[in-house]
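Listed below are the residues making up each chain.
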Amino acid sequence: MANRLRTLRLPGLSNFSAIYLWAVFMVLFGYLQGHLFLTVSTAQLVFSQGAVTAVLALAFLAPLTTDTFDLAIGEVMSLTIVLLNYLPQKLALPFPVIVLGVVLFSGAVGAVSGFIVVKLKVNSLIATLGMSEVLSALQLYLSQNHQVSYTFSSSFVKAGNGDLFGVPYLDLYLLVIAAGLWFVLEQTPVGRRMFAVGGNRDAARLAGISTDRVVWGSLIASGVIASLAGVMYTAQVGAYTSDIGQGYLFPALAAVFFGASQLSQRPNVWGTLIAFFALAFGIQGLTLQFGAGTFWVSPLFQGAALIVAVAVASTRGAVGRGGDGRAVRRVLRRRRDASPGDGASGGDAPPAAEADAERAKVAARAT
Amino acid sequence: MTLNLRAVSKTFGGQRALDGVDVDLAYGEVRALVGQNGSGKSTLIKLLAGYHRPDPGCVAEIDGRPFDLGNATAARAAGLRFVHQDLALILSMSVLDNMMLGRDYPRRRGGRIAWRAARREVSRQLEALHVDVDPLVAVGALSMAERTLVAIGRALADTAGKERLFIVLDEPTAALPKDEVGRLLAAIGDLRRQGHGVLLVSHHLDEVLDVADTVTVLRDGRIEASVPRREVDHDRLTELIVGRPVVQPSLAERAAAVARGSGRPALSVEGLSGGRLATLDLDVHPGEIVGVAGITGSGRESLAPLITGGLPRNGVVLVDGQPVAPGRPRAALAAGIAAIPGERARYGLFQNLNVRHNLTISRLGRHRRWSRIEVRPERAEVEEWIERLGIVTPGPEAPITSLSGGNQQKVLVGRALRMEPTALVLDDPTQGIDIGARAQIHDVIERCAADGMAVLLISTDSSELARLADRVVILADGRAGATLLRGPDLTDTSIDAAQLQSVASPIAS
């Protein structure tokens, strides 16, 4: 039965669009800037610079599977950075203890967000947006709006800048965190419950899932992962400046949303990473093409790429026939999952189309 | 004859969904379109609505002129209107705003909406259907029948310059409580009197027989019969739909189980209250099927969520004599109460997950090893359930949304049964599903009871209760009213009558 083997699915344009996009960038910029772009050092640069943001993307991904937004991740990351620069100057504790403490503290921040979302029943978008500002205030208080820096041990700096056979350590950390998250999301009961909560919270509760605990836990995980991104940043760059947090938020979000249109077509780890690095290589190529001073390239490209990528996924299969594109796409997606020629849908149209058809009618009527 | 379809076929990927179908509909006629899921009903409607294109070679005419079947714009221009099962209403918006959806509001100078004129217009349209509601009230505050009528009113308001329209009603009573069905059927009568042609799609044969002038039966994509109403009765119609005579299975086996099942109740509720329920005492013994009926507002719709923890409650729920913590479905499941919730799309299904995920979600520990779920044994177990419950699906990995409503419901049955519950609570388990799946689910319920499970069957479907229940408790005003015991007198009519009497008696006394 072909439907059992997910790997047998043909790579469609849409759910592998990030890989195609990546290939296009490699060819395009390889042609335009071959001597600069297609080099090991460029690849190392992109992968080492991207690792921190990619981890931050994973922090956003974890609660998103439960349909919960965590917009505080950027500020959790920069709070970690300021604390790692600030606390060693104030406390006579071994540095690893401080790191551990800061990561746990970030988990506690996630727990507070969770409390606001679960117990106070505040929409997660609002709760974490508010949380984000509070954390920003905490940083400004600690830093007095100045750069905060500390002289880290050489081993810590090496942990952020070294490489293993040319692979930056940071990317190894990224892979470890990604594999861990993938395992939890795709292989364990916890992950299954997270997707169930994300799909239908009422049904999840009635099916015996402690939805509050799942959402709460996902926000704690998000805080911890965002904090790990902060630790990695500190090891790589070092000093805290007050403009770190928000600048990292958008690329992380973009990668997750773009990634959610990839592979299994729901928020997923590898889709996120592929989407992230596809975009990162594109930006690197553009930067090489237009020169180092073109700092506006990155946001323009990130924004445009996100819109285009998700739009491609959303309108795929809107082939003529006068039907609603979205409905047709959903049907096609299901068709692909079903083994051909099976009588599951009886003599009728694919039953999934019924609901879609009705929704299409709503849309048609409402416009 | 003014809407005429000849030799309409539709093929999906090599499968004939419709095979040379002829349908006629006249103005002032109510034609019922019946058939099991998969018989081609919805394909036919989607062709009419212009959602699919027919295979070449068909003839379609409206008022004697050729009509481009499969073209949504042509369908609208020709006066075809559709009211789908979900009604496409926005509950938080007023009746007025819903009626004006998709149309232009009357305007005053400067583009402001002329609210008074709009209100007059809407009131006039509602009056034509004898709907007496304030146009400024939110649709969510209306009864289900009123909502349906608002949706019909909106469809009719889009006249496109025609006096008489063809209106297709797709399962208009599926979501209606029993006591509101009559009101909708009356409105269908109004439509006929006003000269509209009505195509009524319904699973409810009683309604069909009540209101239709002509009946068209589809089976396997072909017209099985197209006859005046008076030429068929309920049994004949069922035979035409199913394609064979319907045999009522014997209840003897279960009667024996019930006899054994006296003694301590497996599920018992004492002084249960919450939601619309004032207070209720009820025992269900092992092997027993206890039915609960009641009109909307009687507390019937609150009962299942109260027992299973979906709603917070007062009072005691005991499983095998052990109390169950309130308000937590997880605790109820752990105690041995499994439930099949009403409104499966809203309270049951995970549309983002596949059949396997949907079926096993309540207990994932069974296939856990080293903290991960082992997919192979999980899939094998799901395949067993697919086999056992006769779930029609390409396989465990198929998206749940690719299944028909009846098969989705069977997945939920599997989810509940694999918890090996002491008590099974069912809330309208066969609502809106086809006859075949309904019969299969009934069989499963009987088998569960025969195996000694205590079954609480809460239903709006009296014939279902009459077929399955050992006794039926009628709820009225949040309390237990009459109890009907199994016997020759336990019929759908007696259950219907008891529910209606339960409303009538306080007024009479």
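Conventions used here
- Residues numbered from 1 in each chain as written.
- Chains lettered and ligands numbered in written order.
- Predicted model: local features only at pLDDT ≥ 70, side-chain atom pairs only at ≥ 80, totals over all residues.
- Heavy atoms only, no water.
- Helix = DSSP H or I, 4+ residues; strand = E, 2+ residues; numbered from the N terminus.
- Contact = heavy atoms within 4.5 Å.
- Areas by Shrake-Rupley, 256 points an atom, 1.4 Å probe, with all protein chains shown as cover.
- Lys, Arg positive; Asp, Glu negative; His and termini not counted.
- Charge placed at Lys NZ, Arg CZ, Asp CG, Glu CD.
- Expected span 1.5 Å × (residues − 1).
- Bend = angle between axes of the 7 residues up to and from the residue.
- Pairing = 2+ DSSP bridges.
- Axes fitted to C-alpha atoms, helices over the stretch in contact; angles between N-to-C directions.
- Patch = residues over 30% accessible without salt bridge, like charges linked within 9 Å, V, L, I, M, F, W, Y side chains within 5 Å.
- Salt bridge = Lys/Arg side-chain N within 4 Å of Asp/Glu carboxyl O.
- Buried < 20%, exposed > 50% of the residue type's maximum accessible area, 1.4 Å probe, protein only.
- pLDDT = per-residue confidence, 0-100.
- Right-handed = clockwise from strand over helix to strand, strands pointing away.
- Polar contact = N/O pair within 3.5 Å; in protein donor to acceptor, adjacent residues only side chain to side chain.

**Student:** Got a sec to walk through the overall build of chain B? Specific residues and values, please.
**Tutor:** The helix and strand tally for chain B stands at 18 helices and 22 strands. Expressed as lengths along the three principal axes of its C-alpha atoms, the size of chain B is roughly 70 × 60 × 50 Å. Across chain B, contacts joining residues at least 24 apart in sequence account for 65% of those joining residues at least 6 apart. Accessible surface, chain B as shown: approximately 20800 Å² in total, 50% of it carbon and sulfur. Where the 61 positive side-chain charges of chain B centre and where its 62 negative ones centre are 6 Å apart.

**Student:** Give a description of helix α3 (residues 73–90) of chain A that names residues and reports values.
**Tutor:** Taking 1.5 Å per residue, 18 residues should reach 26 Å; α3(A) reaches 25 Å between its end C-alpha atoms and fits that length. Considering bend angle alone, the principal kink of α3(A) is centred on A:L84 and spans about 25 degrees; proline A:P88 follows within four residues of it.

**Student:** Report on the sheet that holds strand β13 (residues 289–293) of chain B, specifying residues and quantitative values.
**Tutor:** Across a sheet, strands are paired by hydrogen bonds formed along the backbone, either parallel or antiparallel in direction. All names here are of chain B. Spatial strand order, β16-β19-β20-β13-β21-β22: six strands in an open sheet with mixed pairing. Of all strands in the sheet, those with a lone pairing partner are β16 (337–340) and β22 (479–485), marking the two edges. The average angle at which neighbouring strand axes cross in this sheet is 20 degrees, direction not considered. Pairing between β16 and strand β19 (residues 423–427): four bridges, direction parallel. Each bridged residue has a counterpart across the sheet, and for A338 the counterpart in β19 is L424. Running at roughly 145 degrees to β19, helix α10 (residues 300–308) makes contact with β13, β16, β19, β20 (454–458) and β21 (471–476) of the sheet. Sitting on the sheet, helix α16 (residues 435–450) is in contact with β13, β19 and β20, with an inclination near 130 degrees to β13.

**Student:** Report on a nonpolar patch on the surface, specifying residues and quantitative values.
**Tutor:** Where nonpolar side chains cluster on the molecular surface, the patch consists of A:V24, A:L28, A:Y31 and A:L32 and spans about 430 Å² of accessible area. Looking at where A:V24 falls in the secondary structure, it is placed in helix α1 (residues 17–37).

**Student:** An account of the environment of A:R193 is requested, with residue identities and associated values reported.
**Tutor:** Relative to the assigned elements, A:R193 resides in helix α8 (residues 189–199). A residue is classified by how much of its surface remains accessible, and A:R193, at 25% relative accessible area, is partly exposed. Separated by 23 residues in sequence, A:R193 and A:W216 have C-alpha atoms that sit 13 Å apart. Once residues lying within four places of it in the same chain are set aside, the contact partners of A:R193 are A:I209, A:V214, B:I361 and B:L364.

**Student:** Outline the confidence of the model for chain A, listing residues and values.
**Tutor:** The predicted coordinates should not be examined in detail at positions where pLDDT is low. Residues with a pLDDT of 70 or more make up 80% of chain A, whose mean pLDDT is 82. Within the model, pLDDT remains below 50 along residues 1–10 of chain A, and this stretch shows 16 contacts once partners closer than five positions in the same chain are excluded.

**Student:** Residues and numbers for the pairing of strand β11 (residues 267–274) of chain B, please.
**Tutor:** Successive side chains on a regular strand alternate, one facing one side of the sheet and the next facing the other. Residues and elements named next belong to chain B. Within β11, six of the eight residues are buried, leaving the element largely enclosed by the surrounding structure. Sheet topology places β11 next to strand β12 (residues 277–284); five bridges connect them, and they run antiparallel. When the sheet's bridge partners are listed, S268 is paired in β12 with D283. In this structure, the hairpin formed by β11 and β12 is closed by a connection of two residues, where G275 is found at a positive phi of approximately 60 degrees. Taken together, the five bridges between β11 and strand β14 (residues 314–319) define a ladder with antiparallel strand orientation. Looking at β14, one finds that E270 is bridged to V316.

**Student:** Run through the environment of B:G182, naming residues and quoting values.
**Tutor:** Looking at where B:G182 falls in the secondary structure, it is placed in helix α6 (residues 178–193). For B:G182, a relative accessible area of 45% corresponds to the partly exposed category.

**Student:** Lay out the environment of A:N15 in plain terms, naming residues and giving numbers.
**Tutor:** All names here are of chain A. Considering the arrangement of structural elements, one finds N15 in the segment before α1. Look at N15 and you get buried, because its relative accessible area is 2%. Separated by 243 residues in sequence, N15 and F258 place their C-alpha atoms 9.9 Å apart.

**Student:** I'd love a proper account of the pattern of salt bridges, names of residues and values included.
**Tutor:** Where charged atoms from two side chains of opposite charge approach closely, those side chains can pair. For the coordinates displayed, the defined rule picks out 28 salt bridges over all chains. In this structure, the salt-bridge partner of B:E381 is B:R418, at a minimum N-O distance of 3.0 Å. Here the residue B:E381 occupies a position in helix α14 (residues 375–389), and B:R418 occupies one in the loop between α15 (405–417) and β19, the gap between them amounting to 37 residues. Each of A:R192, B:R356, B:E378, B:R379 and B:E397 takes part in one network of salt bridges that share partners.

**Student:** Got a sec to walk through the pairing of β20(B)? Specific residues and values, please.
**Tutor:** All names here are of chain B. Summarising burial for β20: five of the five residues are buried, a large majority. Covered by surrounding structure in β20 are A454, L456 and I458 together with V455 and L457, the residues of both alternating faces. Sheet topology note: the β13/β20 ladder contains four bridges and is parallel. When the sheet's bridge partners are listed, V292 is paired in β20 with I458. Direction of pairing for β19 relative to β20: parallel, over a ladder of five bridges. Paired with L426 across the strands is L457, a residue of β20. Handedness of the crossover joining β19 and β20 through α16: right-handed.

**Student:** Got a sec to walk through the sheet that holds strand β2 (residues 15–25) of chain B? Specific residues and values, please.
**Tutor:** All names here are of chain B. The strand order β2-β1-β4-β5 describes an open sheet built from four strands, whose pairing is antiparallel. Because the sheet does not close on itself, it has two edges, and the strands there are β2 and β5 (65–66). Inspection of the sheet shows strand β4 (residues 59–62) paired to β5 by two bridges, in the antiparallel sense. Bridged to E61 within β5 is P66. Where helix α1 (residues 41–49) meets the sheet, its contacts fall on β1 (3–12) and β2, and the angle it forms with β1 comes to roughly 115 degrees.

**Student:** Account for the side chain of B:H367, with residues named and values stated.
**Tutor:** All names here are of chain B. You can see H367 is positioned in the loop between α13 (355–360) and β17 (368–369). Separated by 2.7 Å, the side chains of H367 and E381 make a polar contact. Look past the residues within four positions of H367 in its chain and what remains in contact with it is R372, I373, E374, P377, E378, E381 and R418.

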